[in-house]
Structure formats: C-alpha cells, structure tokens
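Summary of the model geometry
One letter stands for each residue in the lines below.
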Number of protein chains: 2
Amino acid sequence: MTSAGQFKILAEDGHARAGRLTTAHGDIETPIFMPVGTRATVKAMTPEELKDLGAQIILGNTYHLHLRPGEDVIAELGGLHQFMNWHGPILTDSGGFQVFSLSDLNTVTEEGVEFRSHLDGGKYFLSPEKSMQIQMALGSDIIMAFDECLPHPSPREKIIESMAMTERWLKRSKAAMTRSPSLLFGIVQGGLDLDLRMKSLEGVTAVDLPGYALGGFSVGEPIHMMHELVKIVGPKMPRHKPRYLMGVGTPLDLILCVDAGIDMFDCVMPTRVARNGNLFTWQGRVSIKRTEFKADKAPLDPECSCYTCRHYSRAYLRHLYLSGEILSARLNTIHNLHFYLDLMARVRTAILEGAWDKFRDFCLTQFIKS
Amino acid sequence: MTSAGQFKILAEDGHARAGRLTTAHGDIETPIFMPVGTRATVKAMTPEELKDLGAQIILGNTYHLHLRPGEDVIAELGGLHQFMNWHGPILTDSGGFQVFSLSDLNTVTEEGVEFRSHLDGGKYFLSPEKSMQIQMALGSDIIMAFDECLPHPSPREKIIESMAMTERWLKRSKAAMTRSPSLLFGIVQGGLDLDLRMKSLEGVTAVDLPGYALGGFSVGEPIHMMHELVKIVGPKMPRHKPRYLMGVGTPLDLILCVDAGIDMFDCVMPTRVARNGNLFTWQGRVSIKRTEFKADKAPLDPECSCYTCRHYSRAYLRHLYLSGEILSARLNTIHNLHFYLDLMARVRTAILEGAWDKFRDFCLTQFIKS
C-alpha cells in the first residue's frame, strides 16, 4: 500500500529515470506530460477523451480559477475533480506565473502581490497563504508553492532579491499548506544564471518537500540556454524526489530534458497550436491549411493511431480549419495530445528497457531537421 | 428486401403517422428530426456522438459545400459520407434557401440564379441542373429540388410567378437527377397564402417523386400562420410519401406539425441556440448564464439522461459558457440534440402505441407556458 507522495524510481538510464508517483487520486507514471486545463477544462476535450488518450494527470490554474468562477464555488461543488468530472490526479500552479504574465499593474511586496484581473480590472491579492488556501479549496493533488516569476532578462541583483523572497515565500507556503493528502512542490528560480540557479536549488531543497520544480522558463529566454541550464541543474535536483520542469515545451525540449533527469512536464503548446491548425507528426510540424492538402485523401500521419488519423483525411481537416469549425479544434487537439502522450509513453518504455540512448537519438534525428 | 425510396407507414393516429423510409444508407424511422451539418459537420459534434444520441440522418448544405471545399473535392474524397465520416443517410438541400438568404446581389432568371458568395464575393451560378449535379457529386441520399424561396411578405403576383417557375425548375431537377439510389424530393411553395399553397401542392405533386416537402418557411413569417397553414396542407400531401417540413422549428412546432401529418424535420435551432447557452428542458428553455446557477450542483435537467446532465452541474456549464470554452458548445449541443431526438423518439412510440393524442396534449401542456 503506497501513500500520497511516495515516489518510486523503477529504472535509471543515464540521468533519465522512469518512476511512479503516488497521489491521492492515483499513481502517475513518469516521465509524464500533463495536459493543461487552465479554466477547469482542457480546451475542446472531455475528461473521457483525455483518459482514452492516456492522460494521467492534468493541470488547473489557480489564477484563472480564482478569478472565475472562484475557488469558493468550486469547493461548494465538491472540489475541482468533481466540478470538471476529472477523477484522476490534478496539479495546480500557484498563480505566480499568471500574475506576472497576464495581470495588469501588479505590485510586489514581501507580503504578496496585488494585481488587477485581466478579465475585469478588479483588484486582487495573492500571497503564499492565499495561493495555498485557493489550491487547497480546489482539492488539488499537487500544489505548487507561490513564487515570484521574473521576466527575461532581469538584472542579476533583481534575480538575487527575488530568489531570496521566493525562498521565504516557500517557507510560508509550507506552513500554510495544511491539507494532508495534497503534495507541496517547491519551485527553483534563478533565471538563466547557472550560479544563481544552483543557489536557488540549494535554498529551495533545504525545505523538505515531496517534489521540486524548475520554474521561470517560457518567459522569453533563448531556448538553447534553457537546455544547457537544465542539462546541468536537472541531475543535481534531489534524486529521490520527482523533478518537474514547468511550462516546457516542444517534443525536442521534452527529449532533451528527460535526458537531464526531468520527470514531469506541462505545456499549452500541443493544445494551443492545435487550435491554430498546427499539428505534430514524426515528419515535423504541419500546418493543416496548406493548399496541397485540398484534396489529399491521406490521414494527417499515416503512422498515427489517434481517432483523428484513423477517421479523417487531410482534406477534411483542412476544410474544417478553414471553415472555423469547432470540430477542427477537437480533432486537432486529439491528434496533438496523442502525439505528446504517446511520445512520453515511448520515452518511458525505452528507459524501462534500458534503451533510452537509442530512443533519444532516434527522437533527436527526427526532431532536429529543417 | 426494401429498396431506396420505399416508405412504409407503420401506424396512423389521426393525421400523425409513424413510418420507415429506406435510403441507400439505411432506413430512417419517422417522424424524425434531422440535425443540420451545414459545412460537412454538425457543429461541435463527431459522427459517433450523433449516432450515440440517436441521430439517424443528417443534413448537408449544397450552397456552403459548393463554395467550400467544392463538390469536386468531396467527390474526389469519396463523397460526403466518406469525407465527414458519417455513414448513415444524408439529405442535402438544393442551395435555393441559402442563395436567397445568405448571398449578395442574386439575379434570378428562368435559367437559374447568379449570386455572389458571402465568403469572398466571388460570382457563382446555381440552376436546377447545377444543384442536381452538386448534390449527386456529394452522393446525397435525399436530394432536394432547386426552388425559389421568396422572403415574407411578398406580393401575391410575385408568389404566383415564383411558384410557376419553381414547378418548371422541379421538372428540370427531375430530368437532371440521374443518380439512381438517390431520392429526389419536390418542394411546395406558395408563401402563407393557403390558396396558393394548395395550387403549388397540386403542381408539385403532379410530378411523381419519392417525397415532398413544404418549403419557404422560417423566412420571417408569423409562426402561428405557419401552424395553421401546415394544419390544413399537411394532411393533403400525398399520403403514401414522406412529408418533410423544411427548416422548422421549436419543440412546439414539431408537435403541432407531426399532428398535421408531417414526417420529417430539420432545424439549426437546437445546435445554434446551444452555442448561445440556451438549453431545452421539459421545464422550458433555460439560459445557462443565469446568476442563480453560479453554485448550483444540480444537473441542467435532473430528468435528462444525456451525457451532459449525467456528468455536469449547472454551475460548471455556466462557468464554461462564461469562459467561452469549446467544451461549453459541445456539452450544450449534446443536451439540445438529445432533447430533440428523444422528443421525436417518444412522439414515434406514442403514435405506434395509439397514444398520440395523450402524448401530444402532454407536450402542449409542457411547451405552452409562460
């Protein structure tokens, strides 16, 4: 009998690991990609479809759900799982990233962040305590500590101050997170400065927690710098705890970061670009609106086993996209999520079978081309 | 062994009838509601979901599909059934209604209608022959004759002229419709003038066809006048042929017109209003955005067995709608189509069981309230 928070490493191959993390709503098999359900729905999908695609855990967003419908409403409805009819594990972010990227006029003090809603301009306040209270009210399985997320580039002095505050906020987050089956993860910051990242890692991991994340990416930094940084920092994160790289990335990013020992990923990319008609295949990313697809009978990816590729032609997908049909968003999202989830399932199998190097190199050959 | 076009009346109760129409892609059980799949998709739905809801036949639109992606593309892809992955019967309209309601600058001559596309302003021409050619290329099971559809009100003299031309166009449609398993239906016009409707009925039914429709409604006429007219004209339509009332309507319209002997209906209403957050229940039409639903745990309709009502609360549906989520359109469409299809299934059972009067009166009591 395993209890929430237990993380078992089943295989290691180089720095890459295959593991199993137990949460109050079931186990998740790592390395794992977590689809993003910002506003209590993974856009265009039902929970049953997500499950059929092999999704094991999804994300919810504290910032969005706090503004609408409000965590009080969701708690009254029985929590986020019940509200959205997803009965597997849920990870919620702390709201930090969105406060700094979406809201207007945020004012940061030691106490927390005052900001105006991007929806209606209303004044709100988030702090470590408030973020914990919201995430606990949502009934989240994995709760993220409240951190400050700086833009890139930021002055070194600013990063140092911010890291220090993020560490103080982490201690306050831990003190406020009193919900017993939920797991609190700390977030390492430090921008693209390797020295500062290592200091932040040291500070954050000094607080004993069931998991740790690398935050502060996807804020406009050069992507190869992130790769190099994760390559060094990833393997130095606590070995027996799950390692989560927040908000990253492309299939190539996933492969490179699994190789650096990362266990968990989330990103809006597969769902967002799907709605814009961009589809992932093993032959590269494809824009479905290409004129050459006008009367193309073939499935988008003849090798793919997803519902979309089994039932529809490129011509039909192009027609739906050009017509602005809702079914376009649905079929494209199904395909892209299948691509990501299937990729990660294969990643995991390769690690378990001791064939990670071979699979990694195969992926790199596929993903690094013009 | 039945062949396409055979229409078997299984029970009659007053003017109401329960029947079975055979098409090249299977039988349909009448009275029936046909969801509208304008641009080769019933908005927000997959074919499998439609089937699960009990849909037996869907509509496609000649005007829209001719403009985009073009019937040549669809034919190359194996026809509309194959293109959109719907393998049950399909009825296509003739394009007449859309040419007159959607396009700009249409010029009507005896030969046909020249119009400009509402998409790009391009010049197009539709005639009985062209409409048949398009519908045959789509591989439609039930093909509608090309008619002129006047706005309401129109001068009596204009209606008389138009009816006469529609009858000449019907003969041209019949001569041009050479695809053997497809069924051609004629369309009775005549506006809201009972005398003219009866004359049009006489003229149109003089052409021997497998089915007949009442057209020219949903063009701004007072709805009670349509009811009165169908009450008189419906029972006078050929008894042994399916009778189709085009583009109508509300649940009340369906009940009143089944009572007048109508067998087939289509309408964008359940799908369109669903996307606007309006939902049909046996307690009346409900706007899901009502403030009182903010934290309402109950399903939209506790009596309803649809996927939406079995899995989601009013609070969640309201949240999705206010957030503009795609899942809102999906869940609302599922509910409304279930309502319509379930209503018609119950209508049919009542007729088969000789209990039509009782069920009709029950429906009227439910649907006629403030």
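For the structure itself, consult the block above.
What counts, and at which threshold
For every chain, the first residue of the written sequence is number 1, and numbering continues from 1 along that sequence. Each chain is given a letter, starting from A, and each ligand a number, starting from 1, according to the order in which they appear as written. Side-chain atom pairs in this predicted model are given and counted only at pLDDT of 80 or more, local residue features only at pLDDT of at least 70, and totals for whole chains, interfaces and linings cover all residues. Should DSSP find at least two bridges between two strands, the strands are taken to pair. By the criteria applied, helices consist of DSSP H or I runs no shorter than four residues and strands consist of E runs no shorter than two, each listed in order from the N terminus. Here an angle of 0 to 180 degrees is reported between the N-to-C directions of two axes, which are lines fitted to C-alpha atoms, with helices fitted over the stretch in contact. Working rule for helices: expected span equals 1.5 Å times residues minus one. Residue burial here comes from a neighbour count, namely the number of other C-beta atoms, placed from the backbone, that lie within 10 Å of the residue's own C-beta, with 20 or more meaning buried, 12 or fewer meaning exposed, and in between meaning partly exposed. To be clear, the arc concerns the directions from the helix axis to the C-beta atoms. Contact between two residues is assigned whenever their backbone-derived C-beta positions fall within 7 Å. All residues other than Ala, Val, Leu, Ile, Met, Phe, Trp, Tyr, Cys, Pro, Asp, Glu, Lys and Arg, Gly among them, are scored as polar; the first ten of these are nonpolar and the last four charged.

Residues and elements named next belong to chain B. Overall, antiparallel pairing links the three strands, which are arranged 1-2-3 in an open sheet. For this open sheet the edge positions go to strand 1 (7–13) and strand 3 (26–30), each flanked by a neighbour on one side alone. Taking the axes of each pair of neighbouring strands and ignoring which way they run, one obtains an average angle of 10° across the sheet. With five bridges connecting them, strand 2 (residues 16–23) and strand 3 associate as antiparallel partners. Note that in strand 3 the partner of leucine 21 across the bridge is isoleucine 28.

Hydrogen bonds along the backbone pair up the strands of a sheet, which may run parallel or antiparallel. Residue and element names in this part refer to chain B. Spatial strand order, 7-8-9: three strands in an open sheet with antiparallel pairing. Pairing within the sheet leaves two strands with one partner each, and these edge strands are strand 7 (104–108) and strand 9 (123–126). Ignoring strand direction, the axes of neighbouring strands in this sheet form an average angle of 20°. One ladder, built from four bridges, connects strand 8 (residues 113–116) with strand 9; its direction is antiparallel. In the strand pairing of strand 9, arginine 116 is matched with lysine 123.

Right, let's get into helix 15 (residues 356–367) of chain B. Residues and elements named next belong to chain B. Taking 1.5 Å per residue, twelve residues should reach 16 Å; helix 15 reaches 16 Å between its end C-alpha atoms and fits that length. Along helix 15, the positions that sit buried rather than exposed are Trp356, Phe359, Arg360 and Cys363. On an axial view of helix 15, the arc spanned by its buried residues comes to 100°, and they lie on one face. Seen from the open side of helix 15, the exposed residues pointing more than 90 degrees away from its buried face are Lys358, Asp361 and Thr365. As for helix 15, its buried residues are in contact with strand 1, strand 2, helix 10 (251–258) and helix 14 (326–352).

Our next topic: the interface of chain B and chain A. Across the boundary between the two partners, chain B contributes 30 residues, which contact 30 residues of chain A. Elements with a contribution of two residues or more to the side of chain B that touches chain A: helix 3 (71–76), helix 4 (80–84), helix 13 (314–322) and helix 14 of chain B. Take the side of chain B that touches chain A: its biggest share by element is five residues, from helix 13 of chain B. Considering only residue class, the side of chain B that touches chain A consists of 16 nonpolar, seven polar and seven charged.

Spatial relationships are all this shows, so hold off on functional conclusions.
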